[in-house]
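Chain residues, written in single-letter form:
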Amino acid sequence: MSAYVLILDDDADVATAAQLLLRRRYGHVATLNDPAGLPALLARGVPEVVLLDLNFTPGCINGAEGLALLDVLRAQANPPAVIAMTAYADVPLAVEALKRGAGDFITKPWDNARLIAAVDQALARREAVRGGAGGSPELMGESRAMRELKALIASVAPTEANVMVLGENGVGKELVARAIHAASRRAAGTLLAVDMGALPESTFESELFGHRKGSFTDAKADRAGRFQAARGGSLFLDEIGNMPLAAQAKLLTALERREVTPIGADKPESIDVRIISATNLEEARLFDPSVFRADLLFRLNTIVIRVPPLRERREDVPLLLQHYLKLYEAQYERPVRSLSASAMDALLRHDWPGNVRALRHACERAVILGQGAEYAINDFGLAAAAVADMPRAAAAVPAAAAGLASAGVGVESRATDAGGDLTLDAIERAAIAATLAQFNGNISHAAKTLGISRAALYRKLGKHGI
Ligand SMILES: Nc1ncnc2c1ncn2[C@@H]1O[C@H](COP(=O)(O)OP(=O)(O)OP(=O)(O)O)[C@@H](O)[C@H]1O
């Protein structure tokens, strides 16, 4: 996965350690020890993720310097995702950074796996937020379904009720969660997103509830949990359907008692968060007690919001196409072009199995690759994305080459609809499509099976127009 990451920290040793760790994964990782160099660095290009120390001058621990830099970063036309770093387990400061637009925070010294997970998630979330120009994504759509959805959000948002958002991958569940938070009484607080599907069971409690220094081998400093950091705001528990049952029990206890006990602490801490959760699991699966605890479900789903797939609101397709084509034309400084009538017709008839995310990626592809005076259907890369053919396309891939043997995907060696195209690209695409089909579109499970992060999988979905 390649990405431009900047580490802004006055401690050169810390910055270099992070650079060495991250360079292997993201390729382009720069360090900056003196914040005075930031404007010049930004003039050469804005990073996708910034790891931002909050204190620079020795002895200064109030975070004011870091928060001012955060404002500078957030003011960029295409702002980076910012992960605040502090050597002090200072929850109010972390909360302030989150309120001012940092997407996450991490305490030093960090755990390597946690740092990488934080950067991966920052990249994935940045992609979601970039959907709207200027960094404030808007839930677009004027179909009846979208108008009803927006009315529901407007009536539910001002209440304190927990909301569960259901829908297929890429329909806009996170945007719905952000819209609810933005219209709620907690809007001045932070909306902290946690990818429950990517949270290892071993660190679940520490991530959500925090820990005290020395409470286990790696607990080198106090750490605030997500529940404490989101105090006064909302906690967005994404991919909730992928939580192991043991973790579900712990979450249930916290929600029932309205308090959490950091690992190693002797007293519980009260919590003040509104929970918005989301899953792409089908409702029947959610009601299966071997998958999801009924008592937890009833805590979370006071209000259920179902986001319909794009194929059930095709009227929204032209508006979304227009929005994303314009967005990418501006971003890539490409000429403004219109869609040919036949392209529009085909795009309207397309089933969009990857929903709005897939449409967005298709628009980006068309803007970059389209050569004609108008956009043609081929520019959108959808012909190859006949996702209904996914299992058959996978069948064209030799098991070893696709690495699917361990994924348990049924594979035969025969040339089929993939047109016998055994380029690496075609093999990768088929492997991804087959794995997604195997897990009913569940990104977390597919990414785990393929051995890549969710963020990397999202990028590949975009690349292949899946
Ligand atoms: N109604 C919409 N208007 C504009 N953009 C949208 C809309 N719905 C989704 N998008 C864009 O599509 C992408 C996917 O949206 P989002 O991440 O909210 O989906 P999701 O349902 O949470 O996906 P996943 O289940 O895979 O996490 C984002 O880039 C988002 O900005």
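Residues numbered from 1 in each chain as written. Predicted model: local features only at pLDDT ≥ 70, side-chain atom pairs only at ≥ 80, totals over all residues.

Visitor: Before we go on, may I ask you to explain the overall build of the chain in this structure?
Guide: Looking only at helices and strands, the chain features 20 helices and 16 strands. Looking at the chain residue by residue over its 466 residues, the buried ones come to 45%. Contacts in the chain between residues at least 24 apart in sequence constitute 71% of all its contacts with a sequence separation of at least 6. (Helix = DSSP H or I, 4+ residues; strand = E, 2+ residues; numbered from the N terminus. Buried ≥ 20, exposed ≤ 12 C-beta atoms within 10 Å, placed from the backbone. Contact = placed C-beta atoms within 7 Å.)

Visitor: Would you mind showing me how to read the pairing of strand S1 (residues 3-8) here?
Guide: Where a strand is regular, its side chains alternate between the two sheet faces. Burial within S1 is extensive, with five of its six residues counted as buried. Inspection of the sheet shows S1 paired to strand S2 (residues 27-32) by six bridges, in the parallel sense. Each bridged residue has a counterpart across the sheet, and for isoleucine 7 the counterpart in S2 is threonine 31. For the segment spanning S1, helix H1 (residues 12-26) and S2, crossover handedness is right-handed. (Pairing = 2+ DSSP bridges. Right-handed = clockwise from strand over helix to strand, strands pointing away.)

Visitor: I would appreciate a short explanation of the confidence of the model for the chain in the present structure.
Guide: In regions of low pLDDT, the predicted coordinates are not meant to be interpreted in detail. Here the chain averages 83 in pLDDT, and 88% of its residues register 70 or above. In the model of the chain, helix H17 (residues 399-402) stands out as the element of lowest mean pLDDT, 32, in contrast to strand S6 (residues 163-166), which has the highest, 97. Counting interchain partners and residues more than four positions distant, the pLDDT-below-50 stretch residues 132-136 has five contacts. Model confidence for the complex is summarised by a pTM of 0.67, with the ipTM given as 0.99. (pLDDT = per-residue confidence, 0-100.)

Visitor: Sorry, what's going on with the environment of threonine 302 here?
Guide: Here threonine 302 lies in the loop between helix H12 (294-300) and strand S14 (303-306). For threonine 302, a count of 14 C-beta atoms within 10 Å translates into the label partly exposed. Beyond its immediate sequence surroundings of up to four residues, threonine 302 is in contact with Ala161 and Asn162.

Visitor: Is there a simple way to think about the sheet that holds S14 in this case?
Guide: Within a sheet, each strand pairs with its neighbour through backbone hydrogen bonds, oriented either parallel or antiparallel. The five strands are arranged S7-S10-S13-S6-S14 in an open sheet whose pairing can be described as parallel. A strand with exactly one partner marks an edge of an open sheet, and here the two such strands are strand S7 (191-195) and S14. Direction aside, neighbouring strands of the sheet carry axes that sit 20° apart on average. (Axes fitted to C-alpha atoms, helices over the stretch in contact; angles between N-to-C directions.)

Visitor: Which parts of the structure should I look at to understand helix H18 (residues 424-438)?
Guide: An α-helical turn contains 3.6 residues, so any two residues separated by three or four positions project in the same direction. Over its 15 residues, H18 runs 21 Å from end to end, which matches the ideal 21 Å to within 8%, given 1.5 Å per residue. All of the buried residues along H18 are Ile427, Arg429, Ala430, Ala431, Ile432, Ala433, Ala434, Thr435, Leu436 and Gln438. (Expected span 1.5 Å × (residues − 1).)

Visitor: Would you mind going over the environment of aspartate 379 with me for this structure?
Guide: Relative to the assigned elements, aspartate 379 resides in the loop between strand S16 (374-375) and helix H16 (390-395). When the 22 C-beta atoms within 10 Å are taken as the criterion, aspartate 379 is described as buried. Residues within four places of aspartate 379 in sequence aside, it is in contact with Arg365, Ala366, Leu369 and Gly370.

Visitor: Would you take a moment to explain unusual backbone geometry for this structure?
Guide: What you tend to see is this: most non-glycine residues have negative phi, and most peptide bonds are trans. Cis peptide bonds are those with omega within 30 degrees of zero, and the linkage from lysine 108 to proline 109 qualifies with -5°. Looking at the secondary structure, you find proline 109 in the loop between strand S5 (104-107) and helix H5 (112-129). Of note in the backbone geometry, tryptophan 352 takes a positive phi value of approximately 45° without being a glycine. A count of 24 C-beta atoms within 10 Å places tryptophan 352 in the buried class.

Visitor: Even after reading the chapter, I still don't get the sheet that holds S5, so can you show me in this structure?
Guide: Taken in spatial order, the five strands line up as S2-S1-S3-S4-S5 in an open sheet, and their pairing is parallel. Pairing within the sheet leaves two strands with one partner each, and these edge strands are S2 and S5. Strand-to-strand twist across the sheet, computed as the mean angle between neighbouring axes with direction ignored, equals 20°. Against the sheet, H1 engages S1, S2 and strand S3 (49-53), with an angle of about 165° to S2. Where helix H3 (residues 64-74) meets the sheet, its contacts fall on S1, S3 and strand S4 (81-86), and the angle it forms with S3 comes to roughly 160°.

Visitor: What's the story with helix H15 (residues 355-369) in this structure? I'm lost.
Guide: The end-to-end C-alpha distance of H15 is 21 Å, a good match for the 21 Å that 15 residues give at a rise of 1.5 Å each. Among the 15 residues of H15, twelve are classified as buried, and the element is accordingly described as predominantly covered. Listing the buried residues of H15 in full gives Asn355, Val356, Arg357, Ala358, Leu359, Arg360, His361, Ala362, Cys363, Glu364, Ala366 and Val367. Taken together, the buried residues of H15 touch helix H13 (317-331), S16 and helix H20 (454-464).

Visitor: What should I look at first to understand the nonpolar core in this one?
Guide: Most often, soluble globular proteins have nonpolar side chains that are buried together. Core analysis: the largest hydrophobic core is formed by 119 residues, its most contacted members being Leu52, Ile83, Ala84, Val165 and Leu359. Among all residues touching isoleucine 83, those that are not within four sequence positions of it are Val49, Leu51, Leu52, Ala102, Gly103, Asp104, Phe105, Ile106, Ala118, Val119 and Ala122. (Core = buried A, V, L, I, M, F, W, Y, C linked by C-beta atoms within 7 Å.)

Visitor: How should the packing of H18 against helix H19 (residues 443-450) be read in this particular structure?
Guide: A pair of packed helices can be characterised by two numbers: the angle between their axes and the separation between those axes. One can describe the packing of H18 onto H19 by two numbers: an axis separation of 9 Å at closest approach and a directional angle of 130°. Taken as axis vectors, H18 and H19 run oblique relative to one another. The two elements H18 and H19 cross, and the hand of that crossing is right-handed. For the pair formed by H18 and H19, the contact residues are Ala431, Ile432, Thr435 and Leu436 on the first element and Ala446, Thr449 and Leu450 on the second. (Parallel < 35°, antiparallel > 145°, perpendicular 65-115°, else oblique. Left-handed = near helix turned anticlockwise from the far one by under 90°.)

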